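Each chain, letter by letter, is given below.
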Amino acid sequence: MELILATTLNPFSTETRCTATKLKICRSRPTAAATSCWQGLNAFSSSKTGLWVLSGRWIAAPGCVIKCSVFSSESSSFSTSQSASLREIPGSYGLPVFGPLKDRLDFFWFQGENQFYKARMDKYESTVFRVNFPPFPPGFPYSRGVALLDQKSYGVLYDTSKVQKEDMFTGSFAPSKDFTGGYRMLAALDPSHEKHTILKSMLFELLKVNRTRTIFEFSKAFAETFDAVERQISQGKQVDFYSSTQKFVLDFLIRTIVHRDPAKPGHASLANDGPSLFQTWIGVQYGGIAQSGLPHIVEEFALHNFPLPFFLVKGMYGRIYKFFRTYATEAIAVASSKFGLDREEATHNLIFILGVNAWLGLIRLFPAIIYHVANGGSELQGRLRAEVRSSASSTRAGLTAEAIASMPLIRSTVLEVLRLSAPAKYQYARAKTDLIIESHDAAYMIKKGELLGGCLHFASRDPAVFDDPETFVADRFMGEKGKKLLPNLLWSNGYNHQPATAVNKQCGGKDLVEHISCLFLAELFTRYDSFQIAEPASIYSYPPRIKFTSMQKASSPSRIPVPV
Ligand code: HEM
Ligand SMILES: CCCCC[C@@H](/C=C/C=C\CCCCCCCC(=O)O)OO
């Protein structure tokens, strides 16, 4: 936040910088007798108009006096011209040991993750409050921090000039690097790290050189998956889409980037073990926060108590590594020849990017898309079908990137799913310096080093931003009105109207996710007129309960084979 201080002095030259040696901050309204003084150094910068911009760290109510001595030892005084109230951050970490233990019981047993945050937001009447984040003791370090649950305060998580993202992928707990060949992965690097820029650029390059494969491999994996779905339905079975999605997405990702079918026979083949190898490697690696599907009491004691050692999955990860090292030759060649990366490090990063960043997110997103579109009933399915059929048939080549781009309702539906059911629900960062953050109704002082944790489930339902925030509105992101909401769509660790770059921490697969999610819906309504899922369905439980019960094949398939 920038506080414009109207200077009463002649403007200094632009070279002069003023270092505040003593700031008198009025913690409450200036009429209050009590004020408090801040001792601290803060750099101001002047501009020709003489207006001093006090960047972001100090808040003063009107009438406060800010003493400031400039380098030329000339003293000056300013009066502030704006007001903002600095509020103590509500909440508590509880007593040592007992506080985190109570929070752990609330989070994993008595309340569940959404109610855990909602109960505290209601209790403190604030979207910013102190809390113990998971994972919890005894075996995990204290993750005391400040929760951010509104759209306004969330933005600080993206401002890497104010916060650092080293080892912040899952908050205070970062798995041992043993799980990733001894290397820190791209997602765990702060953008100031040179290796971050190199690895993210490598990813962008791999997505670019494989762009033509994407649609083809996706459509192929989609067809295989739904052939199997239809076979099972014809045998009178309900089809658990969360499990069939895992093979579907892994096949698509690996065929597209590694240029090899994971199950293709060979000395390093993954056979059909890919999904279970990745689920186990990830579940053990992130055990403290993992949702394993194991009986709850087992999950609590086996996974949530202490970080599990890598040796438990050494053999499984060895198979994954051998597959990539053996077959991902082109991708590794790009990494080493074009980006100078060590082949070893490139291989481990490729596994993590495809297996955690890409796969883990998409296998949660596709069932959520089915869930929301099924809940939209025949009306929404009819509108989606009409849009797909008219757009695809209008271009000779069927579901091309251009055809997908001409499906506004499909895209808006995908974005609305990403709003309501963002697969990556938490983003963390640590304050680089003392800083001020703002919610819609107050400003708070965050001290250097404090952990900030955003909970997207609430920020994506911020009633100050979204009309009818709890309701799935497929059209929400359509037209000019929808375009204005893109800055409020936060699923990719950044604002949706802004691009992921090599120097920010926004999801490297952001565009790919939106494109193939639109392609997923377009394929679905090319192949089917409609579909139904079993009730009750759920995407907030783990594993998600999304089971196909029936599909109505397309009466007039406009399918034109996609060019290879
Ligand atoms: C629905 C699917 C996905 C979701 C919800 C998702 C979400 C996110 C989020 C929230 C982050 C930031 C994590 C943090 O630092 O706090 C992230 C980072 C990242 N994602 Fe994704 N992602 C998805 C799919 C993908 C795909 C398909 C790829 C690659 C093909 C990918 C590659 C990455 C990478 C490389 C990073 C680290 C970026 C960096 O550190 O600069 N993601 N993703
Ligand atoms: C969970 C959704 C993952 C989306 C991938 C995305 C960003 C992820 C950010 C943090 C999630 C880290 C992995 C959590 C593992 C949970 C284990 C389990 O419960 O099995 O990177 O692109």
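The rules behind each value
- Residues numbered from 1 in each chain as written.
- Chains lettered and ligands numbered in written order.
- Predicted model: local features only at pLDDT ≥ 70, side-chain atom pairs only at ≥ 80, totals over all residues.
- Heavy atoms only, no water.
- Helix = DSSP H or I, 4+ residues; strand = E, 2+ residues; numbered from the N terminus.
- Buried < 20%, exposed > 50% of the residue type's maximum accessible area, 1.4 Å probe, protein only.
- Areas by Shrake-Rupley, 256 points an atom, 1.4 Å probe, with all protein chains shown as cover.
- Donors = N, O, S within 2.8 Å, 3.2 Å for Na, K, Ca; no water.
- Tetrahedral: all angles 85-135°; square planar, octahedral: opposite > 155°, others 65-115°.
- Near = heavy atom within 4 Å.
- Polar contact = N/O pair within 3.5 Å; in protein donor to acceptor, adjacent residues only side chain to side chain.
- Nonpolar A, V, L, I, M, F, W, Y, C, P; charged D, E, K, R; others polar.
- Pairing = 2+ DSSP bridges.
- Contact = heavy atoms within 4.5 Å.
- Axes fitted to C-alpha atoms, helices over the stretch in contact; angles between N-to-C directions.
- Patch = residues over 30% accessible without salt bridge, like charges linked within 9 Å, V, L, I, M, F, W, Y side chains within 5 Å.
- Salt bridge = Lys/Arg side-chain N within 4 Å of Asp/Glu carboxyl O.
- Core = buried A, V, L, I, M, F, W, Y, C linked by side-chain atoms within 4.5 Å.
- Disulfide = S-S within 2.5 Å.

Chemist: Is there a simple way to think about the overall build of the protein chain in this case?
Modeler: For the protein chain, the count of helices and strands is 17 helices and 18 strands. Counting across all 564 residues of the protein chain, residues that qualify as buried make up 55%. Of the accessible surface of the protein chain, which amounts to about 23,500 Å², a share of 58% is contributed by carbon and sulfur atoms.

Chemist: Can you walk me through the coordination of the iron atom of ligand 1 in this structure?
Modeler: Each angle at a metal carrying four tetrahedral donors should ideally be 109.5 degrees, and each at a metal carrying six octahedral donors should ideally be 90 or 180 degrees. The sole protein-derived ligand of the iron atom of ligand 1 is C507 (SG), positioned 2.4 Å away. Its six donor atoms give the iron atom of ligand 1 angles of 86 to 175° at the centre, a pattern that matches the octahedral case. Considering the arrangement of structural elements, one finds C507 in the loop between α16 (479-485) and α17 (510-527).

Chemist: Can you walk me through the site of ligand 2 in this structure?
Modeler: Around ligand 2, the neighbouring residues are F169, T170, Y286, A290, Q291, V356, N357, L360, G361, R364, P423 and A424. Taking Q291, its main chain carries an N or O atom lying 3.1 Å from an oxygen atom of ligand 2. For ligand 2, an oxygen atom lies 2.8 Å from a polar atom in the backbone of N357. When ligand 2 sits alone it has 560 Å² of accessible area, and the protein chains cover 86% of it. A class-by-class count of the residues in the shell around ligand 2 yields seven nonpolar, four polar and one charged.

Chemist: Is there a simple way to think about the site of ligand 1 in this case?
Modeler: Taken together, 25 residues lie around ligand 1, and K165, H196, K200, K505 and C507 are the ones closest in. In this structure, N504 approaches ligand 1 through a main-chain N or O atom, which is 3.2 Å from an oxygen atom. When residues of the shell around ligand 1 are traced back to their parent elements, those giving at least two are α4 (194-209), α11 (343-375) and α17. Sort the elements by how many residues they give to the shell around ligand 1 and α11 lands first, with five residues.

Chemist: Before we go on, may I ask you to explain the sheet that holds strand β17 (residues 528-533) in this structure?
Modeler: In any sheet, the strands associate via hydrogen bonds between backbone groups, in a parallel or an antiparallel arrangement. Pairing is antiparallel across the open sheet formed by three strands, whose spatial order is β12-β18-β17. Only two strands of the sheet have a single partner each, and these edge strands are β12 (239-240) and β17. Sheet topology note: the β12/strand β18 (residues 547-553) ladder contains two bridges and is antiparallel. Each residue of the ladder has a partner; that of D240, found in β18, is K547. Where α11 meets the sheet, it contacts β17 and β18, and its direction lies at approximately 100° from that of β17. Those strands touched by α17 are β17 and β18, and its axis lies near 105° from that of β17.

Chemist: How should a nonpolar patch on the surface be read in this particular structure?
Modeler: On the surface, a nonpolar cluster with roughly 780 Å² of combined accessible area is contributed by L101, L105, W109, F110, L294, I297, V298 and F301. Those elements that provide at least two residues to the nonpolar patch are α1 (98-110) and α8 (296-302). Sorting elements by how many residues they give to the nonpolar patch places α1 first, with four residues. With respect to the secondary-structure elements, F110 resides in helix α1. F110 gets classed as exposed once you look at its relative accessible area, which sits at 64%.

Chemist: Explanation requested: unusual backbone geometry in the structure shown.
Modeler: Glycine aside, residues mostly have negative phi angles, and peptide bonds mostly take the trans form. Following E535, the chain continues into P536 via a peptide bond in cis, with omega recorded as -5°. Checked against the element boundaries, P536 lands in the loop between β17 and β18. Not every positive phi belongs to a glycine, and A271 is a case in point at roughly 50°. Tracing the sequence through the fold places A271 in the loop between α6 (241-257) and α7 (274-285).

Chemist: Even after reading the chapter, I still don't get the nonpolar core, so can you show me in this structure?
Modeler: When a protein is soluble and globular, its nonpolar side chains tend to lie buried together. Formed by 130 residues in total, the largest nonpolar core has its most connected members in F226, W281, F324, F366, F520, F531 and F548. With 20 residues, the top contributor of residues to this core is α11. Sequence-distant contacts of F366, that is, excluding residues within four places in its chain, are made with F218, F241, T245, F248, V249, I516, S517 and F520. With 18 residues, the next largest nonpolar core counts F107, F116, A147 and F458 among its residues.

Chemist: For this particular structure, what's the right way to read the state of the cysteines?
Modeler: Working definition: the covalent bond between the sulfur atoms of two cysteines is a disulfide. Across all of its chains, the model carries zero disulfides by this definition. Of all cysteine sulfurs in the structure, the one in C507 sits closest to C455, which takes part in no disulfide; the separation is 18 Å.

Chemist: I keep staring at the sheet that holds strand β9 (residues 128-132) and nothing clicks. Help me out?
Modeler: Spatially, β9-β10-β16-β13-β11 is the arrangement adopted by the five strands of the open sheet, whose pairing is mixed. Since the sheet does not close on itself, it has two edges, and those belong to β9 and β11 (163-164), each with one partner. By the bridge criterion, five bridges tie β9 to strand β10 (residues 144-148) in an arrangement that is antiparallel. In the sheet register, F129 faces β10, and the bridge partner there is A147. Strands in contact with helix α2 (residues 113-124) are β9, β10, β13 (426-431) and β16 (451-455); relative to β9, the strand with the most contacts, it is inclined by about 130°.

Chemist: Even after reading the chapter, I still don't get the pairing of strand β15 (residues 443-446), so can you show me in this structure?
Modeler: Looking down a regular strand, the side chains alternate between one sheet face and the other. Neither face of β15 is left uncovered, since the one carrying A443 and M445 and the one carrying Y444 and I446 both have all their residues buried. Relative to β15, strand β14 (residues 435-438) runs antiparallel, the two being bridged by four bridges. Bridge pairing in β15 places I436 opposite M445. Between the end of β14 and the start of β15, which pair antiparallel, lie four residues.

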